[in-house]
Amino acid sequence: MATTSGPYAQQQQALRARRETLLAELRRELHGDDGLLGLRSHRDDTDPELSAPLDALDLAQALRDDAEFRRIEAALQRIDNGSYGSCADCGEPIEEHRLAAEPTALRCVGCQDRFERTHAGG
Ligand SMILES: [Zn+2]
């Protein structure tokens with residue numbers, strides 16, 4: 001078992017807890033009785049068109065959870081290899097309050113701002 005010590009123990013703990021929650025959600029969304037990859041095909045569904053919008057919602061949610069899961073995995077890896085807490089763009093330490101609010105943050109406030117403006121898509 002990895003220890004939870006070091007400057008980012010709190011974030012690490014929060015990230016791990018969130019990861020567990022997401023895993024449970026993803027399992028339910030993808031593999032549960034009503035999940036996308038679950039027993040849906042076994043149900044004698046009345047009208048497949050009626051359930052289609054629900055599927056899209058489920059899928060959107062699952063994709064969001066999956067994306068967050070990946071960010072969390074990446075953040076935990078950065079904690080392990082010591083790069084966590086440094087801005088991916090300028091290398092400066094990411095603000096503490098930012099990491100507290102968003103443990104998966106990759107950039108400091110200034111660089112994130114610039115990143116979002118650059119990638120805003122017009
Ligand atoms: Zn920065």
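Since the model is a prediction, treat every value here as computed from it, not as a measurement.

Asks: Could you give me a rundown of the overall build of the chain, with the residues and numbers involved?
Replies: Helix and strand counts for the chain stand at four helices and zero strands. Taken across its 122 residues, the chain has 12% of its residues classed as buried.

Asks: I'd like to hear about helix 1 (residues 9–31), residue by residue, with values.
Replies: The terminal C-alpha atoms of helix 1, which comprises 23 residues, lie 32 Å apart, in line with the 33 Å expected from a rise of 1.5 Å per residue. Every buried residue belonging to helix 1 is among Gln11, Gln12, Leu15 and Glu29, and all of these are buried.

Asks: So what's going on with the environment of tyrosine 8? Which residues, and what values?
Replies: Among the structural elements, tyrosine 8 can be located in the segment before helix 1. It is 9.9 Å that separates the C-alpha atoms of tyrosine 8 and glycine 82, two residues lying 74 residues apart in sequence. Not counting the four nearest positions on each side in its chain, tyrosine 8 is found in contact with Ile79, Tyr84 and Gly85.

Asks: Hey, could you go over the nonpolar core for me, with residue numbers and the actual values?
Replies: Core analysis: the largest hydrophobic core is formed by seven residues, namely Tyr8, Leu15, Ile72, Ala75, Leu76, Ile79 and Tyr84. Tallying contributions element by element places helix 2 (residues 48–81) first for this core, with four residues.

Asks: Go over the environment of glutamine 13 with me, naming the residues and quoting the values.
Replies: Take glutamine 13: it is sitting in helix 1. The exposure class assigned to glutamine 13 is exposed, which follows from the 12 C-beta atoms found within 10 Å. Placed 63 residues apart in sequence, glutamine 13 and leucine 76 show a C-alpha to C-alpha distance of 9.6 Å.

Asks: Requested: an account of the confidence of the model for the chain, with residues and values cited.
Replies: Averaged over all residues, the pLDDT of the chain is 83; the fraction at 70 or higher stands at 76%. Mean pLDDT across the elements of the chain ranges from a minimum in helix 2, with 84, to a maximum in helix 4 (residues 109–118), with 95.

Conventions used here
- Residues numbered from 1 in each chain as written.
- Predicted model: local features only at pLDDT ≥ 70, side-chain atom pairs only at ≥ 80, totals over all residues.
- Helix = DSSP H or I, 4+ residues; strand = E, 2+ residues; numbered from the N terminus.
- Buried ≥ 20, exposed ≤ 12 C-beta atoms within 10 Å, placed from the backbone.
- Expected span 1.5 Å × (residues − 1).
- Contact = placed C-beta atoms within 7 Å.
- Core = buried A, V, L, I, M, F, W, Y, C linked by C-beta atoms within 7 Å.
- pLDDT = per-residue confidence, 0-100.

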